[in-house]
Amino acid sequence: MKNNFKKINKLFAVFVVILMFIFIYSVIDIDPAENPAINLWFLPGQSGEARGEIEQLINSAEKSIYIAVYDINDENLVNDLLFAHQKGIDVRVIMDNEEAADEWDIVSSLDSKNILRTDHSTSNFMHNKFMIIDGIEVWTGSTNWTENGLFYNNNNSLLINSKELADNYTAEFSEMWNGEFGAKSPANTPYPDISVGDINIQCYFAPEDNVEEHIVSVIENAKHSIDFATFTFTSIPIKEAIIKKIKQGVKVRGIYEARQKSQWCTYDDLKEAGANVIYDGNPKTMHHKVFIIDNEIVITGSYNPTKHANTSNDENVLILTDKNLAKQYEKEFNSLFYEWGGEK
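Residues numbered from 1 in each chain as written. Predicted model: local features only at pLDDT ≥ 70, side-chain atom pairs only at ≥ 80, totals over all residues. Heavy atoms only, no water.

Attention now moves to the packing of helix 8 (residues 211–220) against helix 9 (residues 236–247). Closest axis-to-axis distance for the helix 8/helix 9 pair is 9 Å, and the angle between their directions is 5°. Taken as axis vectors, helix 8 and helix 9 run roughly parallel relative to one another. On helix 9, the residues touching Glu212, Ile215, Val216, Ile219 and Glu220 of helix 8 are Pro237, Ile238, Ala241, Ile242 and Lys245. Considering only residue class, the contact of helix 8 with helix 9 consists of seven nonpolar, no polar and three charged. (Axes fitted to C-alpha atoms, helices over the stretch in contact; angles between N-to-C directions. Helix = DSSP H or I, 4+ residues; strand = E, 2+ residues; numbered from the N terminus. Parallel < 35°, antiparallel > 145°, perpendicular 65-115°, else oblique. Contact = heavy atoms within 4.5 Å. Nonpolar A, V, L, I, M, F, W, Y, C, P; charged D, E, K, R; others polar.)

Below is the structure:
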């Protein structure tokens, strides 16, 4: 009988401890390491998770959804936006003029509610791929909201919880919403250099911020390695900065989208200079726009390293300094580089 009471007492004690833990974790903040301010997805490997997150963000928005995405043809996401608008959420969408025309059967419903605008340009691109939720969260990266972009192309997407960063993107969005695209866009980013936890983030927009100059500056300070994966790469200043670093002994590896071979592509010049460069093997598109410097700094966004992106398009770029984040990008880079025949 006493043994039974002892067992009951032990079970009761365990039960009390469990209740205490539940109570404690319900009233204290979760460790930021377990609930990071920055989340990251690589597509197509994490396509389902990334698209699911976009849908969840739209459906859980309480005040506003501001979207600037070059191309959208995901009908379900468009329907989610229409439903959010019907609920009274401030929904606004900006697309590239030519892409919106191509996807008109799908996105015209947004236009009918007066929540879609375009850049009205046939020569320059509204090339961003970002979303701002409730003025506090920013979704950005290289991913267009299309079947190919979400499920077949190589892309990266980030979700960053930061009021300051959201203010930066909202300022840029407001300019475009009011018709200030390309060269008309003023350089007025409120917080170009911020911290999110331990991660330093520099935030730039093209063409007003001369993004190319900032990328060159980061490359010039590289000490031991530069890895990049770029859809198209024709920038002469960035190419020349990389060649100088190769001559100084910096290890350079790169992945180019095979369909972007041209007389302006930097592939041949960098290969001749000693870079370990390859063309991609994705039958669809290798769509990243990423540089990883010294396993510590990541440059990503919508910006391809080209003159047109720097001087004419509407683009966004983040320069993030954090070894843990860089490690995740390095893992993605190495996976693609060696899968497609890169030399070790």
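Further notes follow.
Okay, the packing of helix 3 (residues 75–86) against helix 5 (residues 104–112) next. Across the interface, helix 3 lies against helix 5 with an axial gap of 10 Å and an inter-helix angle of 5°. Relative to helix 5, the element helix 3 lies roughly parallel. Residues Glu75, Val78, Leu81 and Leu82 of helix 3 touch helix 5, and the partners they reach there are Ile106, Val107, Ser109 and Leu110. In terms of residue class, the contact of helix 3 with helix 5 is made up of six nonpolar, one polar and one charged.

Okay, the pairing of strand 15 (residues 315–321) next. Most of strand 15 sits out of view: six of its seven residues are buried. Relative to strand 15, strand 9 (residues 199–206) is paired through seven bridges, and the arrangement is antiparallel. Among the inter-strand pairings, Ile201 is bridged to a residue of strand 15, identified as Leu320. (Buried < 20%, exposed > 50% of the residue type's maximum accessible area, 1.4 Å probe, protein only. Pairing = 2+ DSSP bridges.)

What follows is about the pattern of salt bridges. Oppositely charged side chains may form a pair once their charged atoms are brought near each other. Considering all chains together, one arrives at eight salt bridges under this definition. Of the charged contacts in the structure, one is a salt bridge between Asp74 and Arg51, with a shortest N-O distance of 2.8 Å. Here Arg51 lies in helix 2 (residues 47–60) and Asp74 lies in the loop between strand 2 (64–69) and helix 3, a separation of 23 residues in the sequence. The exposure classification of Asp74 matches that of Arg51, with both residues buried. A network of salt bridges, in which partner residues are shared, links Arg51, Glu55 and Asp74. (Salt bridge = Lys/Arg side-chain N within 4 Å of Asp/Glu carboxyl O.)

Attention now moves to the packing of aromatic side chains. Considering all chains together, one arrives at 17 aromatic pairs under this definition. Considering the side-chain rings of Phe42 and Tyr329, the 5.1 Å spacing of their centres and the 90° angle between planes classify their relative orientation as edge-to-face. Of the two residues, Phe42 sits in strand 1 (residues 38–43) while Tyr329 sits in helix 12 (residues 323–339), which places them 287 residues apart along the sequence. A relative accessible area of 11% places Phe42 in the buried class. Ring centres of Phe233 and Tyr256 lie 6.0 Å apart, and the angle between their planes is 10°; this geometry places the pair in the stacked category. Pair noted here: Phe233 is in the loop between strand 10 (225–230) and helix 9 and Tyr256 is in strand 11 (residues 251–256), with a separation of 23 residues, a long-range link. Exposure class is identical for Phe233 and Tyr256. Each is buried. (Phe/Tyr/Trp six-rings, centres within 6.5 Å; stacked < 30°, edge-to-face > 60°.)

Among the secondary structure elements, Asp314 is positioned in the loop between helix 11 (307–311) and strand 15. Notably, Asp314 is buried but unbridged: the nearest opposite-charge side chain belongs to Lys184, and the N-O separation is 10 Å. (Lys, Arg positive; Asp, Glu negative; His and termini not counted.)

This paragraph deals with the environment of Ala101. Secondary-structure assignment places Ala101 in helix 4 (residues 97–102). Taking the C-alpha atoms as reference points, Ala101 and Thr118, separated by 17 residues in sequence, lie 9.6 Å from one another.

Let us look at the sheet that holds strand 4 (residues 116–118). Spatially, 1-7-6-5-2-3-4 is the arrangement adopted by the seven strands of the open sheet, whose pairing is mixed. Only two strands of the sheet have a single partner each, and these edge strands are strand 1 and strand 4. Recorded for the sheet is a direction-independent mean angle of 10° between the axes of neighbouring strands. Note that strand 2 and strand 3 (residues 90–95) share five bridges and pair parallel. In the strand pairing of strand 3, Ser64 is matched with Asp90. Against the sheet, helix 12 touches strand 1 and strand 7 (155–161), its axis set at about 5° to strand 1.

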